[in-house]
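# Remarks on the overall topology
Here is how the chains run, residue by residue.
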Amino acid sequence: MFQLAAVFSPGFEKVIPEALSDVLPDAYNINVSSGFLRFCTDKNPFRAINADFLNNSFLVLKEWNAKGNQKQAPAFEVMANKIRIPEQLLPEISKQHYKTFRLRFSAANVFTSVNKNIMANVERQISQQTSMKADRLGGDTEFWFLTRTDGYACFALRMTKKQSTEKYLEKGELRPEFVTLLAAFAKVKSLQAAEAKEKSQQTENASADRLTILDPFAGHGGIVKRLSQMFPKAEILSSEIEPDLAKKIKGCVCANATKLSYIKDNSVDCVITDPPWGFWQGDFRDDKKLRSLYDGMLLEMFRVTKTGAHLLVLTAAKEIFEEAFDHSNFSGDKKNQGNSIRNDVLVNGKKAAVYVWEKF
């Protein structure tokens, strides 16, 4: 049995268990808290996690209860006093061919420094057990001491090898991990399953259209690019009002999200989009203009989507969106009353909300 832990974007706790079971069906003892996942697996830990919805993943080497000490140095002193990597894990760690390592100390989601003597003592213990050398400027891998506000604490080996994506993203572009969770919230996989079932029930002379997903506010293409990777057989439609941005996205149409004339009525199975929030986008900082944009956006969404379509909107302009939704055709349908689900999330440290609903 191996214990693992992982960090994900806070606010998506509801969809994490199902997302984990999709990539690791044998996971058990699953525990989900705010932005943090713990579970067990009997599979090789270095092959167990290949989950593109997680920001960081760890192999837990030792656990503590640090309640009341989460943000204080004494918690790390106790944890670092006697570090022993389980012997059954040493061969697996050795197979990774790590030659150097560095230590990270995270208290309540914030990196912190510790006494130099503690640092040197832990580095010496790890080097003796693994033959790796400490490298405080980098390292092939990282060992973390991690404490959380709920009192959970652990000493763990970071398994995530991917580089941070922030340096490759444009300002305002969503991380791929975040888009993956949006797709889980929108239940795109359930739509795909329904589509496959429909095709299997049709005659040889008839065929169902492939799943159609729309992002009418493509921006820098973060949602479009990730959805194209996740659902290569789906038809991904996108539009962007800025010509220079539209040109950079494959297949993107330069169009206003309130006038999607290139899309037929009742033709879209799913909408996943991140419209302007009104904080930075020029005229949309005016609440009336932002409300007008949301009114027009929802009107077009209603026109182009099929009955049973899933829709998801990410925004921090919660009050304005909710007012627009309440006055839209979606809310006018009695079956849709109470169907909309709001889930508060953090986007790069900013408070926002994911709204998900189904068209009846």
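This write-up is about the structure you can find in this document.

What counts as what
Residues numbered from 1 in each chain as written. Predicted model: local features only at pLDDT ≥ 70, side-chain atom pairs only at ≥ 80, totals over all residues. Heavy atoms only, no water. Buried < 20%, exposed > 50% of the residue type's maximum accessible area, 1.4 Å probe, protein only. Helix = DSSP H or I, 4+ residues; strand = E, 2+ residues; numbered from the N terminus. Pairing = 2+ DSSP bridges. Expected span 1.5 Å × (residues − 1). Arc of directions from axis to C-beta. Polar contact = N/O pair within 3.5 Å; in protein donor to acceptor, adjacent residues only side chain to side chain. Phe/Tyr/Trp six-rings, centres within 6.5 Å; stacked < 30°, edge-to-face > 60°. Lys NZ or Arg CZ within 6 Å of the ring centre and 35° of its normal. Contact = heavy atoms within 4.5 Å. Axes fitted to C-alpha atoms, helices over the stretch in contact; angles between N-to-C directions.

So, about the pairing of strand β13 (residues 268-273). Taking burial as the measure, the 6 residues of β13 include 6 buried ones, the bulk of the element. Where strand β10 (residues 212-215) and β13 come together, 2 bridges link them in parallel fashion. Bridged to Ile 213 within β13 is Cys 270. Here 5 bridges tie β13 to strand β14 (residues 305-315), and the two strands are oriented parallel to one another. Its bridge partner lying in β14, Val 268 is registered against Thr 305.

The end-to-end C-alpha separation of helix α5 (residues 116-130) is 21 Å, in line with the 21 Å expected for 15 residues at 1.5 Å each. Those residues of α5 that fall on the buried side of the exposure criterion are Ile 118, Met 119, Val 122, Glu 123, Gln 125, Ile 126, Gln 129 and Thr 130. The buried residues of α5 occupy one face: seen down the axis, they fall within an arc of 165°. In α5, the exposed positions angled more than 90 degrees off the buried face are occupied by Lys 116, Asn 117 and Gln 128. Put simply, Asn 115 is the residue that caps the front of α5, since its side-chain oxygen is 2.6 Å from the backbone nitrogen of Asn 117. Of the residues flanking the end of α5, it is Ser 131, one or two places downstream, whose phi is positive at about 70°.

Here we take up the pairing of strand β9 (residues 152-158). Extensive coverage of β9 is indicated by the burial of 7 of its 7 residues. Taking every second residue as pointing to the same face, both faces of β9 are buried, with Tyr 152, Cys 154, Ala 156 and Arg 158 on one and Ala 153, Phe 155 and Leu 157 on the other. Note that strand β4 (residues 56-65) and β9 share 7 bridges and pair antiparallel. Along β9, the bridge assignment pairs Lys 62 with Phe 155. By the bridge criterion, 5 bridges tie strand β8 (residues 141-147) to β9 in an arrangement that is antiparallel. Residue Thr 147 lies in a different strand from β9, and its bridge partner there is Ala 153. Hairpin connection from β8 to β9: 4 residues lie between these consecutive antiparallel strands, with Gly 151 at a positive phi of about 100°.

Let us look at the packing of aromatic side chains. The full count for this structure, using the stated rule, is 17 aromatic pairs. Aromatic pair Phe 325 and Trp 357: ring centres 4.9 Å apart, planes at 75°, arrangement edge-to-face. Of this pair, Phe 325 sits in helix α11 (residues 318-326) while Trp 357 sits in strand β16 (residues 350-358), placing them 32 residues apart in sequence. The class of Trp 357 is buried, set by a relative accessible area of 2%. Over the ring of Tyr 152 we find Arg 38; its NZ or CZ atom is 4.2 Å from the centre of that ring. Positioned above the aromatic ring of Phe 302 is the side chain of Lys 359, whose terminal nitrogen or guanidinium carbon lies 4.3 Å from the ring centre.

All right, on to the sheet that holds β13 then. Ordered in space as β12-β11-β10-β13-β14-β16-β15, the 7 strands form an open sheet in which the pairing is mixed. Edge positions in the sheet fall to β12 (253-254) and β15 (341-347), since each of these pairs with one other strand and no more. Across the sheet, helix α6 (residues 176-185) is in contact with β13, β14, β15 and β16; its angle to β15 comes to roughly 175°. Along the sheet, helix α8 (residues 222-230) makes contact with β10, β11 (235-240) and β13, crossing β11 at roughly 175°.

The subject of this paragraph is unusual backbone geometry. Apart from glycine, the bulk of residues carry a negative phi angle, and the bulk of peptide bonds sit in the trans form. Unlike most non-glycine residues, Ser 131 shows phi in positive territory, near 70°. Judged by its relative accessible area of 66%, Ser 131 is exposed. Non-glycine residue Asn 266 carries a positive phi angle of around 50°. Following the sequence through the fold, Asn 266 ends up in the loop between β12 and β13.

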